[in-house]
Structure formats: C-alpha cells, structure tokens
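Read off the chains here:
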Amino acid sequence: MKLAAVSVVALPALVSAHGLRDVHHARQASAPAGSASPPASTGTATGTPATAATGAATGAPAAATDTLTFTLASTNPTAIPLSDIVSNAPSQATVAATTTFTGGTVPTYLPNAPPLPNAAALVPSNYPPLDKVPPTDSPEVQQWIKEVQNSGIEIPNIQPTVAGGCPANPEAAADTSRCWWTCGGCTADGDIEQCPDKLTWGLTYDDGPALYTGDLLHYLDSVNLKATFFVVGSRAISYPALLQEEYMAQHQIAVHTWSHPSMTTLTNEQIIAEFGWSKKIIKDVLGVTPTYWRPPYGDVDNRVRAIAKAMGLQTSIWTRISPEATFDTGDFDIAGGLTTSTQVLNNWESIMGNATTIDHGFIVLEHDLFQQTVDIATGYILPEALAHQPPFKIEPIVSCLNKPMADAYIETNDNKSNPIGSAPATGSAGGAQATGSGNSSGAAADGKNGAMGIAAPSSVGAIALALVSGVVALFL
C-alpha cells in the first residue's frame, strides 16, 4: 500500500513532462486509405516541429477523425469498446503481479543470471525523490562521475538545449554535428531504429511499470508474445513486483531514465545521475543491469549518446521513415484528450502499411503507463498485428536484432555479439570523460529542466486522470 500511494503522487509529474512530447517528434504520418506506400518526405530538418497527417505537432489537440479508415482484421473478444477508451474513462480494476517471487529465485531461462534480490527489502528513502532529476552531489552520483571520467570515452563539447524542442533551439537544430534525433531524425552509429529483418516488429512499451501493466502482461502471456519494457526508475521502485514479473516472464527490461526528462536539456552530471539511478534500481530489483536504453521523447544527441555508451547503454529509439514521420501510434495522447482511440488505430494501420513496404523490420512507440494505452494495445493493436498477412514476427528488440536475451544485461552478456565496453556490473555507471563538456558544473542552468516540471495546458486532463485512476486503484 505504501509503494502504491507513492506511485500515485509520482504519476502526474511524468504526465506533465509528456505534455510537451509533440514538440519533440511527429507521429507516424497516415497513409491514404487502402494504400501501403510510405509517405514521401516533404522537407528537411529546419528546427520547426514536423507536421503529421493528423495535425500540426504543436501540443494542441490533433485534428483526429472518429471514423476508422480501414476494417479491423481481428480484435480481442474482451476488448473495451473504442467509444470507452477515452480521456475521462472510469477507472477499471487493476491486475497486480500474478506471481510474487522470493529473494533468491533464479531465472532459469537466462544463462548465468544471478538470483533475484528480495524486492521487499527495498528502502525507498535510499533513492532520489520520484519524478525529479536526481541531485548530483550524492556519493553514488559522484562515484559514477569518476567512473565516467576514467572510461576514456570523449564527451563532445555540446551545450545543453533549453526546454521547448526544435523551435526553442534553432541553432542546435541546425547544427548537424550535434546529430540531434529530435530535429530531423539524425542517427549515429549504434543507434537502434529498426530491426534488420523485414516484417519483424520489435515490440516495446515505455514509462512503466504502472497500474495497468499487469493487464498487458496477462494478454502478452495469453498469446505467447515477448516485449521490451523501457522502465522509468521512479516507476520501478513504485512497482517492484510487476518489474520482477516482467523479467521472469522473459520480457526484456531496458532503461528509460529515472525521471523521464528531455535528456539534451540536462548537464553531463545530471545525465549520469539519471542513468546511474535507473540502472541501480533495476539491478536492485532484478539482479541484472540493462545494456539498452531509450531516450524520453527520443531526445538524444551526440553528447547524451556518448555518456550512455560510457555507462554501458546502447541507444534505442523507434523507426523513422522521413524527417517528419515516425512509427508512433500516438497512444499516449488518448489519456490527455489530445487524440482519440480511433485515430490511434488509424495511425497503427498506416504503420502496418508502411511496414510492409520497407525492406527491414520496424520498432513502434507505445506505452504501458495508462489504462487507455493498455486497452488499445490488448484490445486492438496486438490482435490486429497477429492477424496481419503476411505475418509479422513480433519479439523484443534484443531478439529482433538476432541477439540472445543474455546480451540485454551486463551480468549475462559474454561481450561477444554485443560488446558494451568496461561498464561495471554493479548498477553503477561505466565511464566517459566529462571534461570539456557543456555546462558541467552540476547545477542546472535556468530553463534546462522545464520539460519535467511544466505541465502544458493540454496535459491537465491526463494529470487529473492519473490522480483519479491511482487513488481508485489503491482500493481495488
């Protein structure tokens, strides 16, 4: 009960940060009805937010249609009606972890995996405040900074951005040496945006574990699917039993930072703290340390990439087919009233159409934070994908890269097919030179963390929903 109460308070801060998400990346552009052709690029990165087929990505409600542009091939017989998957939907009963694992349990599916720690022994006061960028003066962060300095990986001398994405940072957006994925989709060597094999879907869910993750796990188990869960550290400490259930069910666990900030707005020391604490809590709950991470909002540049690499983390984003269009279902925006469940399914249909025309596999952005995102996934998106012809091969990112699950964690990775440098297997950071880095004092410059603490007006509905859903769930 105590942890659940803490998590309810924490959710709105994450929702608030997500209120700015459309400034950072456009949704998948919808293909014409009945067409499987990918949309043509209509321009290059200019520092202006991209325009998706559903409306300008400015944070204002999208011009969504309430009519499906295609016929569903399959749905879950127990699916919530689309008309009920809305921002003000009544809270449903939640599914807690169905199996509680005792400390010392060994995940037999994963060779050489250490036994599970005793999650009940976690002491929340030993970790930073939830949903806030961690302080950089703690002994843990200071140790991680030293490890970063000693790694030999050079951190580019790139100044942090300010909150507001591309429009607020025109010089940064135009600087090709920065390779800022947010503005134009620049990728660097090692970035994961797609699966190599055609019709292979790297299935991912962000921002959990949360109140309705149990429903998603139940469905995935019923259809024998495995996914990659990009875990927010503040959620991991709030729902350790669900995190253990994900891991023991053979899903891949990966890092999604501690507090879900726009990473390019942070100082080097703050980035280290975000990575270090999220790696630590995952290791403290599971006994293993992830080797993959996903930047919140896809907000990553060469400075953030270098620090991630130094700390043993490989950058994983999602598929982008033009500077304007990414494989984003837009599911997160249902809870805030920015889109409809019908529009999300139309986005998904466009993604499927484009996925059949590209010569490689794909990765889609979805979330397990809200009941709406889980309802649309389990009731419609996943059944539709399973019925697709030709069939999709659906698997976690590490598997879609044709690597063993052991490569997903420092403790089990043999460093052969997935070299990760010399990052220690203790949940601490693994090293990069912080010298010469932008704003490396450890103190946030004015405006650097605005995305975390500022609720865009359009996110107010989602904040209220998170509060109501969480409070109700405490008594279910």
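Scroll up for the structure.
Residues numbered from 1 in each chain as written. Predicted model: local features only at pLDDT ≥ 70, side-chain atom pairs only at ≥ 80, totals over all residues. Heavy atoms only, no water.

Engineer: Can you lay out the overall build of the chain for me, pointing to particular residues and giving the numbers?
Structural biologist: From N to C terminus, the chain includes 14 helices and ten strands. The proportion of buried residues among the 476 residues of the chain is 59%. Taking the intrachain contacts of the chain between residues at least 6 apart in sequence as the baseline, contacts between residues at least 24 apart amount to 82%. Working note: accessible area of the chain is about 16,600 Å², and carbon and sulfur atoms make up 55% of it. (Helix = DSSP H or I, 4+ residues; strand = E, 2+ residues; numbered from the N terminus. Buried < 20%, exposed > 50% of the residue type's maximum accessible area, 1.4 Å probe, protein only. Contact = heavy atoms within 4.5 Å. Areas by Shrake-Rupley, 256 points an atom, 1.4 Å probe, with all protein chains shown as cover.)

Engineer: Which residues make up the side chain of Thr315, and what values go with them?
Structural biologist: By the element assignment, Thr315 lies in strand E8 (residues 314-315). Residue Thr315 is classed as buried on the basis of its relative accessible area, which comes to 5%. A polar atom in the side chain of Thr315 sits 2.9 Å from the side chain of Trp293. The contacts of Thr315, once residues within four sequence positions are left out, are Gly190, Asp191, Ile192, Trp293, Pro295, Val300, Arg305 and Ala308. (Polar contact = N/O pair within 3.5 Å; in protein donor to acceptor, adjacent residues only side chain to side chain.)

Engineer: Tell me about the nonpolar core, residues and numbers included.
Structural biologist: Generally speaking, nonpolar side chains in soluble globular proteins are found buried as a group. Among the nonpolar cores identified, the biggest contains 97 residues, and Trp201, Tyr247 and Phe275 are the most heavily contacted of them. Looking at which element gives the most residues to this core, the answer is helix H8 (residues 268-286), with nine residues. When neighbours within four sequence positions are excluded, Phe275 is seen to be in contact with Val255, Met263, Trp293, Val304, Ile307, Ala308, Met311 and Leu313. (Core = buried A, V, L, I, M, F, W, Y, C linked by side-chain atoms within 4.5 Å.)

Engineer: Describe the environment of Thr75, with residues and values.
Structural biologist: Turning to its location among the elements, Thr75 is positioned in the loop between strand E2 (55-56) and helix H2 (139-149). The partly exposed category is assigned to Thr75, whose relative accessible area is 37%. With 311 residues separating them in the primary sequence, Thr75 and Leu386 have C-alpha atoms 9.7 Å apart. With residues near it in sequence (within four places) discarded, Thr75 still touches Gly379, Tyr380 and Pro383.

Engineer: Give a detailed account of the packing of aromatic side chains, specifying residues and quantitative values.
Structural biologist: As enumerated under the stated definition, the model contains 13 aromatic pairs in all. Each ring, one from Phe362 and one from Phe392, has its centre 5.3 Å from the other, and the planes form 70 degrees; the classification is edge-to-face. Highlighted residues: Phe362 in strand E9 (residues 362-363) and Phe392 in the loop between helix H11 (371-386) and strand E10 (393-395), separated in sequence by 30 residues. One exposure class covers both Phe362 and Phe392, and it is buried. Linked through ring pairs, Trp201, Phe327, Trp348, Phe362 and Phe392 together constitute an aromatic cluster. Looking at Arg320, its charged tip hangs above the ring of Trp181, at a distance of 4.5 Å from the centre. (Phe/Tyr/Trp six-rings, centres within 6.5 Å; stacked < 30°, edge-to-face > 60°. Lys NZ or Arg CZ within 6 Å of the ring centre and 35° of its normal.)

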